[in-house]
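Chain by chain, the residues run as shown.
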Amino acid sequence: MSFVEYEELIKEGDTAIIFLGHGSMFPVQVQHGAQTQTKYGVIRHSAHLIGQPYGSRVTCSKGGWVYVLHPTPELWTLNLPHRTQILYSTDISIITMMLELKPGSIVCESGTGSGSLSHAIIRTVAPTGHLHTVEFHQQRAQKAEEEFREHRVDRWVTVRNQDVCKNGFGVSHVADAVFLDIPSPWEAIGHAKDALKVEGGRLCSFSPCIEQVQRTCQALAEHGFIEVTTLEILLREYNVRTANLPLPDLGGALDPLPVLGEAQFKIGVPLKETVGHTGYLTFASKSLF
Ligand SMILES: C[S@@+](CC[C@H](N)C(=O)[O-])C[C@H]1O[C@@H](n2cnc3c(N)ncnc32)[C@H](O)[C@@H]1O
């Protein structure tokens, strides 16, 4: 397995996602001899996981069962150990599209944080692209590198442990796209311009506060970026369920005994709690001129 290439069978060293039910999942590092406890009993890696196809239903020691899923960046985002606030798939999807990422893209990112966005970028730019990610917090940079190795995606990513506002991305005129998720992105816009290809490229900055957006847009204008757009993406999820409605009594004057009953419908109901504000996404293009 890798987060980039699908493989049929579970093997030693894989990161598999154990799916217990809706909203209940966790990742495991598959190892010969290892055991994982669940509320349905023990999963024995050698007997239950290794050599089995991804997607298998595994019966645990107490008779309950779980599904074992192949990892994807989207599942990892929902299951990763948080070392920072992270980006979720709704924002990530629009970032991927608006930065025009595709296989072969060269991308610069800062900060790496918990690597949620990094995994999605790597999956999109592989097998011919590359991610240069910058994180000034030493332990976070190191942990991200370890995870990229464990997930067998390290050949598509370079982690640099430095301050992007002072030292930039460590590369010059190579990037098709730059992404910023740091508290003071306006201080990194000059370095972003330098990292982008001479012929131009796309930039995105994620900020929770509008004051950060204002300063970033100011810096983008000063550095000659064009097509500056700020947007926010709000997700509304629906529960699909069955509703029973009483049939109307339409008078039935000619009908001495009207037939009353219920009709069943499938309806979509918005979830009571929806995700609120995550952040503003400011996009811009580096001008050719
Ligand atoms: C909110 S987290 C990024 C989360 C990431 N986008 C994800 O999806 O997991 C911000 C990260 O930027 C790092 N950071 C903040 N300022 C920085 C700077 N000037 N240079 C490099 N990294 C920085 C922080 O240490 C933190 O890990």
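These numbers were taken from a predicted model, which means no experiment stands behind them.

The rules we used
- Residues numbered from 1 in each chain as written.
- Predicted model: local features only at pLDDT ≥ 70, side-chain atom pairs only at ≥ 80, totals over all residues.
- Heavy atoms only, no water.
- Core = buried A, V, L, I, M, F, W, Y, C linked by side-chain atoms within 4.5 Å.
- Buried < 20%, exposed > 50% of the residue type's maximum accessible area, 1.4 Å probe, protein only.
- Helix = DSSP H or I, 4+ residues; strand = E, 2+ residues; numbered from the N terminus.
- Contact = heavy atoms within 4.5 Å.
- Polar contact = N/O pair within 3.5 Å; in protein donor to acceptor, adjacent residues only side chain to side chain.
- Expected span 1.5 Å × (residues − 1).
- Arc of directions from axis to C-beta.
- Pairing = 2+ DSSP bridges.
- Axes fitted to C-alpha atoms, helices over the stretch in contact; angles between N-to-C directions.

> Describe the nonpolar core, and please don't skip the residues or the numbers.
Counting residues in hydrophobic clusters, the biggest one holds 46 residues, and the most contacted among them are Leu49, Leu99 and Phe179. The leading source of residues in this core is helix 4 (residues 116–125), at five residues. If we ignore the near neighbours within four places in the chain, the residues touching Leu99 are Ala177, Val178, Phe179, Arg202, Leu203, Cys204 and Phe283. The next biggest cluster of nonpolar side chains, apart from the first, holds 20 residues, and it includes Cys108, Cys165, Phe169 and Ala219.

> Run through the environment of Glu135, naming residues and quoting values.
Position of Glu135 among the secondary structure elements: in the loop between strand 8 (130–134) and helix 5 (138–150). In the structure, Glu135 is positioned 55 residues away from Gly190 in sequence and 17 Å away in space, judged by C-alpha atoms. Residues within four places of Glu135 in sequence aside, it is in contact with Gly111, Thr112, Gly113, Arg140, Ala141, Arg160, Asn161 and Gln162. Side-chain polar atoms of Glu135 contact the backbone nitrogen of Thr112, separated by 3.3 Å.

> I'd like a description of helix 8 (residues 210–222), backed by residues and values.
Between its terminal C-alpha atoms helix 8 stretches 18 Å, which fits the 18 Å expected from 13 residues at 1.5 Å a residue. Those residues of helix 8 not exposed but buried are Gln212, Val213, Thr216, Ala219 and Leu220. For helix 8, the angular spread of buried residues about the axis comes to 130°, placing them on one side. Residues of helix 8 that are exposed and point over 90 degrees away from its buried face: Gln214, Ala221 and Glu222. Buried residues along helix 8 sit against helix 7 (189–195), strand 11 (201–207), strand 12 (225–231) and strand 15 (280–286).

> I'd love a proper account of the sheet that holds strand 1 (residues 15–21), names of residues and values included.
Sheets are built from strands paired through backbone hydrogen bonds, the pairs being either parallel or antiparallel. Strand order across the open sheet formed by four strands is 2-1-6-5, with antiparallel pairing between neighbours. Where the open sheet ends on each side, the last strands, each with one partner, are strand 2 (24–29) and strand 5 (57–59). Each strand of the sheet is rotated relative to its neighbour by a mean of 35°, with strand direction disregarded. Relative to strand 6 (residues 65–69), strand 5 runs antiparallel, the two sharing three bridges. Residue Arg57 lies in a different strand from strand 6, and its bridge partner there is Tyr67.

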